[in-house]
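# Summary of the model geometry
Single-letter residue listing:
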Amino acid sequence: MKDKSKDNKYDTAAKTRRTMIGGQALMEGVMMQGASSVAMAVRAPDGGIELRTERLNKRSRVRKVPVVRGVVVFVSSLITGMSALLKSAEISTPDEETPSKSATAFAVILGVLLAVGLFIGLPLFVGWAIQKWTTFDNLAVISLIEGCTRLAIFIAYLAIVRSMKDIRRTFMYHGAEHRTINCYERSLPLTVENVQSCSTKHNRCGTTFLFFVMILAIMIYALSNWVFTLFVGYEYLFENLFFKLLIRLLLLPVIAGFSYELLRGLAMLPDNKFTNAIRAPGLALQKLSTCIPDDDMAEVAIAAFNAVLELDAAPDKKTINFYERDFQKERKKLAEKLASDPQDADWIYCELLDKSRAELSVVERVGCGIVKRAEEYAQRLLDGEPLDYILGNSDFCGVKIKVDKRVLIPRFETELLATTAVQILKDKTDAAALDLCTGSGCIAAVIAKNTAADVTAADISDDALEVAKANLNGLGVNIVKSDMFDSVQGTYDVIVSNPPYVRTGDIAGLAPQVTAQPFSALDGGEDGLSFYREIARCADEHLKPNGVLLTEIGYDQADDVCTLFKHIGKCRVIKDLDGKDRIVVCEK
């Protein structure tokens, strides 16, 4: 069977007309430009490929006018190329200071002036010197000498910069760009292996364009010399070097326009002896401006090319910026890392993105910084640090509570304690409530937000009270430092408390996320009942008639706590969602 891919290697005109995707080498990257979009792929210092895509403005009618469109494309390519080059530098060398816009503008202007001086001014001076210091005055030959000088300077320039390490790497990316486009135009799958099998030369290369500029310049400058000699005279043209330079600068857009049409026309024509002969010098010159890329560079070029194809094919597809990731892939990856509690991955991203869990499903892209922080949080979680400490807050009855290692993390079971207190107080006017052992202030905050009660929060720990003040700020809660009831004044309709109730001997066997919390907030003494005894001793005198005492308990402490409280009033026990005894309610 005939190998069609080999035929495609040579007969590329039809494919070229359909795609017309071009590119440019960047600092450690490649830019590809399609019909309606641009993509830049850059190899970051960490080894990853950073991608940026953007939509092109709608093409004006000017771009359909032959010759004129070449000038427009040339100027826009310079602007787009310089912008892409600077953006790639920010990614490839992030530790280096990025030049300001004014510094960049100055550098561009200086570069243009140097290019004009080197490639137009210097050859012009050579021709002028021949006329001045010799008797030779054949304008056609002098124009040819100027053109050959210009071409020699260009070749020497490429040869010199090619030897520089950083420039050589850019030329390697130039080779990767060409190989990727050639691979696509040969209808081969865009794999690194296929790309690396293709040529580093391409018919639409900018190097070939510059070669055409120099060849056409010889003819057009010679013609202009002849025309101006007829109208202003040979002597005037010879003596006024500045006038000749001005003429060349004015004619440069015309030369660029015709060169573009020549490049574009040859690229669209099928390969044959005639077209190959015209292309040959430009392709030969590409040996200086391209180098053999390594596989990593080919991978970067493929990423940029695929991004352009996708964006051109889908007008509604969103563009992306450098250091953005596919969120759903990163979300899945983090969940796999936290295999024992995969939902923690969502809670991490909810905090970092400030979104609800339901909203995560519609997030498409996320910044690399967010992904990195999420991975750091996940590792801290795997190392035993509680998730709420990592996030810096905890959701408690719909209220965001600030937490850190100074306070106990509010538990889901404790929400039952807080909501029970709210139910008792919600219909009361001029009621007073005491949150004893307030810790983070979570229970006091829920009561203050959902009732009209005058709330007091008490705790012995200075660290805990600092956190409680932050959570209760603006809620009108009275905060008291007190060792249980010692500094508490007055009587209350409701006293609510979630005291330490874990037996001292059991603490060491708890999960790392629990033992990372303050020991004093967990330790309930040898039998876990130390704080209940103190509550039983003093609560009665601080309860109003018909007042209610509510305490959270351990799953096996209901009988003991009810016994301790029986002198205060009638006790009942509320079970949690798991069916375990969780709240003791004592009505005076």
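This report concerns the structure included in the present document.

In this section: helix α14 (residues 343-353). The buried count for α14 comes to 8 of 11 residues, which makes it a mostly enclosed element. Listed in full, the buried residues belonging to α14 are D344, A345, D346, I348, Y349, C350, L352 and L353. As for α14, its buried residues are in contact with α13 (327-337), β6 (365-367), α15 (368-382) and α16 (387-391). Two residues or fewer past α14, D354 is found with a positive phi of approximately 55°.

Turning to its location among the elements, M219 is positioned in helix α8 (residues 206-232). For M219, a relative accessible area of 49% puts it in the partly exposed group. In the structure, M219 is positioned 310 residues away from L529 in sequence and 103 Å away in space, judged by C-alpha atoms.

Moving on to the side chain of T208. Along the chain, the position of T208 falls in helix α8. Separated by 3.5 Å, the side chain of T208 and the backbone oxygen of G282 make a polar contact. In contact with T208, not counting residues within four places along its chain, are H202, N203, L263, G282, L283 and Q286.

This paragraph deals with the environment of Q328. For Q328, the location among the structural elements is in helix α13. What makes Q328 partly exposed here is its relative accessible area of 29%. Taking the C-alpha atoms as reference points, Q328 and L246, separated by 82 residues in sequence, lie 58 Å from one another. Of the polar contacts made by the side chain of Q328, one reaches the backbone oxygen of L360; its length is 2.9 Å.

Definitions and cut-offs
Residues numbered from 1 in each chain as written. Predicted model: local features only at pLDDT ≥ 70, side-chain atom pairs only at ≥ 80, totals over all residues. Heavy atoms only, no water. Buried < 20%, exposed > 50% of the residue type's maximum accessible area, 1.4 Å probe, protein only. Helix = DSSP H or I, 4+ residues; strand = E, 2+ residues; numbered from the N terminus. Contact = heavy atoms within 4.5 Å. Polar contact = N/O pair within 3.5 Å; in protein donor to acceptor, adjacent residues only side chain to side chain.

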